[in-house]
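In case you want the letters, here they are:
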Amino acid sequence: MWLTLFDVAGRKVLSASVPGSLELTELLMVVVIFAGLPLVSLHGEHVVFDSLDRVLPRAVRRLQGLAVDLLCAAALFALAWLLWEKGGQIAAYGDTTAQLKIPQAPFVYGMAVLCTITALVHLRLLFTPVAHHHPGIESG
């Protein structure tokens, strides 16, 4: 946020932007989004469609929660594997950002690791569900 503020202010006031601000903003967005995934999953903060929850029996909602966690874990493990493979390719090519020449591979590897952590969070929720994730579980 501060980077964007200084970049825009610099362009408007000084007619000079922060060098590489777009690249830095993109890389920082990757970090913020992927670093937040495990916490968002753990605290049940994803967008949900719960219009039918009132009419579904508790057992069905419990099974639905388990299925969602299982599918999320599988998808995140698959995504982590693909990102790790892509990180290897990017590292082999030596890809960097265009202006600042920041290596891209560490960011892709970081995305893979954070997807793996998020997948593990969803597996944990399968075996130790919490009430805000699975309506069939009583809080206590």
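Here, the structure is the one placed above.
Computed from a predicted structure; not experimentally measured.

**Q** Got a minute to help me understand the packing of aromatic side chains in this structure?
**A** Pairs of aromatic rings are described using the distance from one ring centre to the other and the angle between the two planes. Taken as a whole and judged by the stated rule, the model has one aromatic pair. Relative to tyrosine 109, the ring of tryptophan 84 has its centre 4.4 Å away and its plane inclined at 50°; by these criteria the two rings are tilted. With tryptophan 84 in helix 3 (residues 58-93) and tyrosine 109 in helix 4 (residues 105-127), this pair connects stretches of sequence that are 25 residues apart. What makes tryptophan 84 partly exposed here is its relative accessible area of 45%. For tyrosine 109, a relative accessible area of 24% translates into the label partly exposed.

**Q** Is there a simple way to explain the packing of helix 2 (residues 21-42) against helix 4 in this structure?
**A** Orientation of helix 2 relative to helix 4, taken along the N-to-C sense of each, is 10°, at an axis distance of 8 Å. Taken together, the axes of helix 2 and helix 4 are roughly parallel relative to one another. Between helix 2 and helix 4, the contacting residues are Leu27, Val30, Val31, Phe34, Ala35, Leu37, Pro38, Ser41 and Leu42 on the first element and Phe107, Met111, Leu114, Cys115, Ile117, Thr118, Val121, His122, Arg124 and Leu125 on the second. Along the lines of polarity and charge, the residues of the contact of helix 2 with helix 4 split into 15 nonpolar, three polar and one charged.

**Q** Whenever I open this one, the environment of alanine 105 confuses me. Can you help?
**A** Looking at the element boundaries, alanine 105 is found in helix 4. Residues contacting alanine 105, with those up to four places away along its chain left out, are Gly87, Ile90 and Ala91.

**Q** What is the right way to look at helix 1 (residues 2-14) in this model?
**A** Helical geometry: 3.6 residues make up each α-helical turn, so side chains three or four residues apart lie on a common side. When the terminal C-alpha atoms of helix 1 are compared, their 17 Å separation across 13 residues agrees well with the 18 Å that a helix rising 1.5 Å per residue should span. Every buried residue of helix 1 is listed here: Leu3, Asp7 and Gly10. In an axial view of helix 1, the angular spread of the buried residues amounts to 65°, which keeps them on one side of the axis. More than 90 degrees from the buried face of helix 1, the exposed residues found are Trp2, Lys12 and Val13. On its buried face, helix 1 sits against helix 2. Just downstream of helix 1, serine 15 is the residue with a positive phi angle, here 55°.

**Q** Whenever I open this one, helix 3 confuses me. Can you help?
**A** Here helix 3 contains 36 residues, and its C-alpha end-to-end distance of 52 Å stays within 8% of the 52 Å for a straight helix at 1.5 Å per residue. Taken together, the buried positions of helix 3 are occupied by Arg61, Arg62, Gly65, Asp69, Ala73, Leu76, Ala80, Leu83, Gly87 and Ile90. In this structure, the buried side of helix 3 is in contact with helix 2 and helix 4. The positive-phi residue at the C-terminal boundary of helix 3 is glycine 94, with phi of around 75°.

**Q** How do you make sense of the packing of helix 3 against helix 4 when you look at a structure like this?
**A** Two quantities define a packed helix pair, namely the angle between the helix axes and the distance between the axes. Closest axis-to-axis distance for the helix 3/helix 4 pair is 8 Å, and the angle between their directions is 160°. With respect to helix 4, the axis of helix 3 lies roughly antiparallel. Both helix 3 and helix 4 take part in a crossing whose hand is left-handed. Its residues assigned to classes, the contact of helix 3 with helix 4 shows 24 nonpolar, five polar and three charged.

**Q** Please clarify how the nonpolar core should be interpreted in this entry.
**A** Generally speaking, nonpolar side chains in soluble globular proteins are found buried as a group. Phe34, Leu76, Ala80, Leu83, Ile90, Ala105, Val108, Met111, Ala112, Cys115 and Ala119 form the largest nonpolar core, which has 11 residues in total. The leading source of residues in this core is helix 4, at six residues. With near-sequence residues (within four places) excluded, methionine 111 lies in contact with Val30, Phe34 and Leu83.

Definitions and cut-offs
- Residues numbered from 1 in each chain as written.
- Predicted model: local features only at pLDDT ≥ 70, side-chain atom pairs only at ≥ 80, totals over all residues.
- Heavy atoms only, no water.
- Phe/Tyr/Trp six-rings, centres within 6.5 Å; stacked < 30°, edge-to-face > 60°.
- Helix = DSSP H or I, 4+ residues; strand = E, 2+ residues; numbered from the N terminus.
- Buried < 20%, exposed > 50% of the residue type's maximum accessible area, 1.4 Å probe, protein only.
- Axes fitted to C-alpha atoms, helices over the stretch in contact; angles between N-to-C directions.
- Parallel < 35°, antiparallel > 145°, perpendicular 65-115°, else oblique.
- Contact = heavy atoms within 4.5 Å.
- Nonpolar A, V, L, I, M, F, W, Y, C, P; charged D, E, K, R; others polar.
- Expected span 1.5 Å × (residues − 1).
- Arc of directions from axis to C-beta.
- Left-handed = near helix turned anticlockwise from the far one by under 90°.
- Core = buried A, V, L, I, M, F, W, Y, C linked by side-chain atoms within 4.5 Å.

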